[in-house]
Amino acid sequence: MNFGRSIRINKCGFVILGVLLIGALYYLWNGGTSSSASYAFSKNPNEINLRKLLIGSIQAAQHGGFEVVAVSKSRDLHEQSKGKTREGANNPVTDADYRSNCVMKNGLLRIFPKLKLISEEDDQQERCADVQLFDLDPTVLHETASVPDERINIEDVAVWIDPLDATQEFTERLHEYVTTMVCVTVKGVPTIGIIHNPFTMKTTWAWRDRALSETLVNVKHEADVKHPTIIVSRSHAGAVKEQSKQIFGENAQVITAGGAGFKVLQVIQNNATAYLHTTHIKKWDICAGDAILAAIGGKMTDLHNDHIDYLDGQPLNPNGLLATALATTHEAYIKRIMESPFLKH
């Protein structure tokens, strides 16, 4: 046996080794940001990267929106009714709700398999056979290069999904009110919020104490408690209009709109000083708005001035809400609400 003989690799072997080396370097350089590899790349499988979850959540809202728009172009929305709300309004559901939910929920679970997800249409997974899922695309954050990497225990994280907010308005072709929303809570605190309008393609997002979307960076708010403009739900506008006048005075302006996400955006954009809801509301409707308002210095509470509990696993918030873009405005308004007779019946 000749131990001095060198081992020779032919040209084909060099090519294969080169390709493998380049592939390994590319994977390490990008941190495994493509497809479900992003989750597996974490040193600790029980941790989750919140920056990547922000990216995935933005994509989920946008890709859910693609399904909403696609269904809107069809002749038949396959509208059904889930019953009546407490205000007696119809509570519809359509193919757009189901298809959007499939993309948003399954897309996130493919990338983050251990993620806890809470969605409005969780009981309709059998409708998901032909939807197109998405891979993680870090370029969605091109507008904000300073978004940090942050890993936390995945057991502390829950994601609330609203695959189609303002379904009633969607069936009426009032598309300006329609949004898709994702909210990331950390130990029950709304931390990342995304509100996306599929028909304008405008996405508003915030990560509390970390980063804001371009749509929020230059928005300024001024305290003006003397001229309240209250935005309320169009589904029970009559009662809330009367209550708003009772609370804020006859000079208060009351405007109506559909969709909790849309109403929060109106507060953020200075088109209303507060969003008031006086009956129960589901948490997937309000969690994203709660996170965004907190990130810009605003506040959302129930009408007893308690923070809304996202840790109890219950989807219903029974005590209404008040949402403002400034905490000082919230303090002034909630004081009037808590002193008003209608809370004491």
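Parameters at a glance
- Residues numbered from 1 in each chain as written.
- Predicted model: local features only at pLDDT ≥ 70, side-chain atom pairs only at ≥ 80, totals over all residues.
- Heavy atoms only, no water.
- UniProt positions renumbered as here; feature names shortened; annotations may be inferred.
- Helix = DSSP H or I, 4+ residues; strand = E, 2+ residues; numbered from the N terminus.
- pLDDT = per-residue confidence, 0-100.
- Contact = heavy atoms within 4.5 Å.
- Phe/Tyr/Trp six-rings, centres within 6.5 Å; stacked < 30°, edge-to-face > 60°.
- Buried < 20%, exposed > 50% of the residue type's maximum accessible area, 1.4 Å probe, protein only.
- Salt bridge = Lys/Arg side-chain N within 4 Å of Asp/Glu carboxyl O.
- Core = buried A, V, L, I, M, F, W, Y, C linked by side-chain atoms within 4.5 Å.
- Disulfide = S-S within 2.5 Å.
- Axes fitted to C-alpha atoms, helices over the stretch in contact; angles between N-to-C directions.
- Parallel < 35°, antiparallel > 145°, perpendicular 65-115°, else oblique.
- Left-handed = near helix turned anticlockwise from the far one by under 90°.
- Nonpolar A, V, L, I, M, F, W, Y, C, P; charged D, E, K, R; others polar.

- Where an unreviewed UniProt entry is consulted, the protein appears under the name Putative inositol monophosphatase 3, with the organism given as Anopheles albimanus.
- UniProt, in the comment section headed Catalytic activity (unreviewed entry), describes the protein in these words: "a myo-inositol phosphate + H2O = myo-inositol + phosphate".
- On record in UniProt, under Sequence similarities (unreviewed entry), the comment for the protein is "Belongs to the inositol monophosphatase superfamily."

### Structural notes on the environment of Thr256
- Along the polypeptide, Thr256 turns up in strand β12 (residues 253–257).
- In this structure, the C-alpha to C-alpha distance between Thr256 and Ser233, residues 23 residues apart in sequence, is 5.5 Å.

### Details of the confidence of the model for the protein
- Taken over all residues, the pLDDT of the protein has a mean of 85, while the share at 70 or more is 80%.
- In this model, residues 1–7 is a region of pLDDT below 50 whose contacts with residues beyond four sequence positions or in other chains number zero contacts.
- In this model, residues 25–41 is a region of pLDDT below 50 whose contacts with residues beyond four sequence positions or in other chains number 30 contacts.

### Points about the UniProt feature "binding site: Mg(2+)" (unreviewed entry) in the protein
- Listed under "binding site: Mg(2+)" (unreviewed entry) in the UniProt record, and renumbered for this structure, are Glu120, Asp162, Leu164, Asp165 and Asp285. Spanning 166 residues, the annotated positions come together in the fold, the maximum distance between their C-alpha atoms being 9.8 Å.
- Mapped onto the elements of the fold, Glu120 is located in the loop between β4 (116–119) and β5 (151–153).
- Setting aside residues up to four positions removed in sequence, Asp165 forms contacts with Tyr177, Val178, Thr179, Met181, Gly259, Ala260, Gly261, Phe262 and Asp285.

### Side note on the packing of aromatic side chains
- Enumeration according to the criterion identifies three aromatic pairs in this entry.
- Between Trp160 and Tyr310, the ring centres sit 6.0 Å apart and the planes meet at 75°, which makes this aromatic pair edge-to-face. Separated by 150 residues along the polypeptide, Trp160 in strand β6 (residues 157–165) and Tyr310 in the loop between β15 (299–301) and β16 (316–317) bring together distant segments of the chain. In this structure, Trp160 and Tyr310 share a single accessibility class: buried.

### So, the pattern of salt bridges
- Applying the stated criterion across every chain yields a total of six salt bridges.
- Salt-bridge contacts for Glu67 lead to Arg99; the nearest nitrogen and oxygen are separated by 2.9 Å. Here Arg99 lies in helix α4 (residues 95–111) and Glu67 lies in helix α3 (residues 50–72), a separation of 32 residues in the sequence.
- Between Arg110 and Asp135 there is a salt bridge, with its nearest N and O atoms 2.8 Å apart.

### Observations concerning the nonpolar core
- Leu53, Leu54, Leu108, Leu115 and Val159 are the most contacted members of the largest nonpolar core, which totals 36 residues.
- Looking at this core, the elements that each hand over two or more residues are α3, α4, β6, β7 (179–186), β8 (189–197) and β9 (202–207).
- The greatest single-element share of this core, amounting to seven residues, is contributed by α3.
- When near neighbours in sequence (up to four residues on either side) are disregarded, Val159 contacts Leu53, Leu108, Leu115, Lys116, Leu117, Ile118, Val182, Cys183 and Val184.
- The next biggest cluster of nonpolar side chains, apart from the first, holds 34 residues, and it includes Ala206, Val264, Ala323 and Ala325.

### Overview of the state of the cysteines
- Under the counting rule described, the total for this entry stands at one disulfide.
- A sulfur-sulfur distance of 2.1 Å marks the disulfide that ties Cys183 to Cys287. Taking the sign of the torsion about the S-S bond as the criterion, the disulfide between Cys183 and Cys287, at about -45°, is left-handed. Linking Cys183 in strand β7 with Cys287 in helix α9 (residues 283–295), this pair joins segments that are 104 residues apart in sequence.

### What to know about the packing of α3 against α4
- α4 packs onto α3 with a crossing angle of 155° between their chain directions and a minimal axis gap of 8 Å. Between α3 and α4, the crossing angle belongs to the class labelled roughly antiparallel. When you trace α3 past α4, the crossing you get is right-handed. In this structure, α3 contributes Leu53, Gly56, Ser57, Ala60, Ala61, His63, Gly64, Glu67, Val68 and Val71 to the contact, and α4 contributes Asp95, Ala96, Arg99, Ser100, Val103, Met104 and Leu108.
- For the contact of α3 with α4, a count of residues per class yields nine nonpolar, five polar and three charged.

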